[in-house]
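# Architecture and fold: a report
Take a look at the letters that make up each chain.
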Amino acid sequence: MSKIYDWKNVIKDNELDEIVDIIKKDGIIVFPTETVYGIGGNALSENVIKKIYNIKKRPQEKALSILVKSKEEIQKYAYINNKLEEKIIDNFMPGPITIILEKRKDKTSLLTGDDDTIGIRIPDNIIIGKILERCNLPVVGSSANISGKPSSIKLEDIKPDFDGIVDVFIDGGECIQNVSSTIVKVVDGKVKILREGSISINDINRRIM
């Protein structure tokens with residue numbers, strides 16, 4: 001059975017250290033975000049990326065996004081090529097939005113296949129925020145579900161599919177948003193919504209145009 005850490009009321013520092021150690025040793029964790037529960041690990045490890053594709057039964061051609069701790073971290077893994085991308089990041093991150101950016105060439109291609117772009121998000125959730133801060137690594141940010149099944153805001157919905165397969169479940173209670181992050185990409189000088197979540201194109205246009 002996988003370990004379960006109850007962080008609904010408090011993030012226990014000794015357990016946080018254990019989580020960081022697990023991530024650095026290529027382990028897999030299930031964790032809450034403000035949108036839905038996620039499954040992840042060290043996004044710079046090809047071993048971890050392969051594990052997540054296998055665990056989720058996710059087709060290899062479907063790219064994985066990463067979670068980072070700050071706006072400054074984004075530029076370690078991607079290029080911000082224009083003012084629109086910059087405005088989206090400044091106005092909506094941290095938050096329930098994933099932006100597709102040009103990938104830096106020296107990063108693992110397993111996350112994105114042959115694509116030269118990568119999805120990046122800064123989650124607005126104290127639990128995964130603390131983990132990202134403490135481990136100082138990007139974390140794979142895929143929803144904690146078997147490919148084709150719905151994502152969930154409750155840990156109990158996820159456990160049957162992943163118990164004994166992941167290293168640790170982190171119980172942070174119900175996620176706030178109950179919908180996956182909005183995915184956006186700037187194409188030909190315009191913001192394109194690839195998947196709408198709680199942030200709509202109208203929300204984006206009101207804030208950045």
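Attention in this report is confined to the structure presented alongside it. Note that this is a predicted model, so its numbers are computed, not measured. (Residues numbered from 1 in each chain as written. Predicted model: local features only at pLDDT ≥ 70, side-chain atom pairs only at ≥ 80, totals over all residues. Heavy atoms only, no water.)

### Considering the overall build of the chain
Looking only at helices and strands, the chain has seven helices and twelve strands in total. Here the chain has a C-alpha radius of gyration of 16 Å; the compact-globule value for 209 residues is 17 Å, and the two agree. Counting only C-alpha atoms, the chain reaches 50 × 35 × 30 Å along its principal axes. When the 209 residues of the chain are sorted by exposure, 51% land in the buried category. Sequence-distant contacts, at least 24 apart, represent 65% of the contacts inside the chain between residues at least 6 apart. For the chain, the accessible area works out to roughly 10000 Å², and carbon and sulfur atoms hold 45% of it. (Helix = DSSP H or I, 4+ residues; strand = E, 2+ residues; numbered from the N terminus. Rg over C-alpha atoms; globule rule 2.2 N^0.38 Å. Buried < 20%, exposed > 50% of the residue type's maximum accessible area, 1.4 Å probe, protein only. Contact = heavy atoms within 4.5 Å. Areas by Shrake-Rupley, 256 points an atom, 1.4 Å probe, with all protein chains shown as cover.)

### Let's talk about helix α5 (residues 126-135)
Taken residue by residue, α5 has Ile-127, Ile-128, Ile-131, Leu-132 and Cys-135 as its buried positions. One side of α5 holds all its buried residues, which, seen down the axis, span an arc of 130°. Across from the buried face of α5, at angles greater than 90 degrees, the exposed residues are Ile-126 and Glu-133. Buried residues along α5 sit in contact with α1 (13-24), β2 (29-31), β4 (66-67), β8 (139-140) and β10 (168-171). (Arc of directions from axis to C-beta.)

### Here we look at the nonpolar core
Within the largest apolar cluster, 45 residues are counted, with the highest numbers of intra-cluster contacts made by Val-30, Ile-120 and Phe-162. Breaking this core down by element, the ones donating at least two residues are α2 (46-56), α3 (71-77), α4 (83-92), β6 (97-103), β7 (117-121), α6 (155-162), β11 (182-187) and α7 (201-208). The leading source of residues in this core is α2, at five residues. Beyond its immediate stretch of four places on either side in the chain, Phe-162 contacts Ser-2, Ile-39, Ile-55, Ala-144, Asn-145, Ile-146 and Phe-169. Within the second largest apolar cluster, 19 residues are counted, among which are Ile-23, Ile-29, Ile-131 and Leu-132. (Core = buried A, V, L, I, M, F, W, Y, C linked by side-chain atoms within 4.5 Å.)

### Quick word on the packing of aromatic side chains
Here the distance between the centres and the angle between the planes together describe a pair of aromatic rings. According to the stated counting rule, one finds one aromatic pair in the structure shown. With centroids separated by 6.4 Å and ring planes inclined at 15°, the aromatic side chains of Tyr-5 and Trp-7 adopt a geometry described as stacked. Of the residues examined, Tyr-5 reaches a relative accessible area of 5% and is grouped as buried. Here Arg-207 stacks its cationic end above the ring of Phe-92, 4.4 Å away from the centre of that ring. (Phe/Tyr/Trp six-rings, centres within 6.5 Å; stacked < 30°, edge-to-face > 60°. Lys NZ or Arg CZ within 6 Å of the ring centre and 35° of its normal.)

### A few points about the side chain of Arg-58
Counting through the fold element by element, Arg-58 comes out in the loop between α2 and β4. For the buried residue Arg-58, which engages in no salt bridge, the nearest side chain bearing the opposite charge is Glu-61, 9.2 Å off. Reaching out from Arg-58, the side chain makes a polar contact with the backbone oxygen of Lys-62 at a distance of 3.3 Å. Among the polar contacts listed, one links the side chain of Arg-58 to the backbone oxygen of Ala-63, at a separation of 2.8 Å. Excluding anything up to four places from it in sequence, Arg-58 contacts Tyr-53, Ala-63, Leu-64, Ser-142 and Ser-147. (Lys, Arg positive; Asp, Glu negative; His and termini not counted. Salt bridge = Lys/Arg side-chain N within 4 Å of Asp/Glu carboxyl O. Polar contact = N/O pair within 3.5 Å; in protein donor to acceptor, adjacent residues only side chain to side chain.)

### What about the layout of surface pockets?
Over the atoms, a rolled probe matching the size of one water molecule traces out where space is still vacant. In this structure, the largest pocket spans a volume of roughly 630 Å³. Along its surface, the largest pocket is lined by 32 residues, and Arg-58, Ser-65, Gly-141, Ile-183 and Arg-195 are the ones closest to its centre. When residues of the lining of the largest pocket are traced back to their parent elements, those giving at least two are β6, β7, β9 (142-143) and β12 (190-195). It is β7 that provides the largest number of residues to the lining of the largest pocket, a total of four residues. A class-by-class count of the residues in the lining of the largest pocket yields ten nonpolar, 16 polar and six charged. (1 Å grid on protein atoms, 1.4 Å probe; cavity = no way out; pocket = protein on both sides within 12 Å on 5 of 7 lines; lining within 4 Å. Points joined across faces, edges and corners; volume = space filled by probe spheres on them. Nonpolar A, V, L, I, M, F, W, Y, C, P; charged D, E, K, R; others polar.)

Shape is all these values report; function is a separate question.
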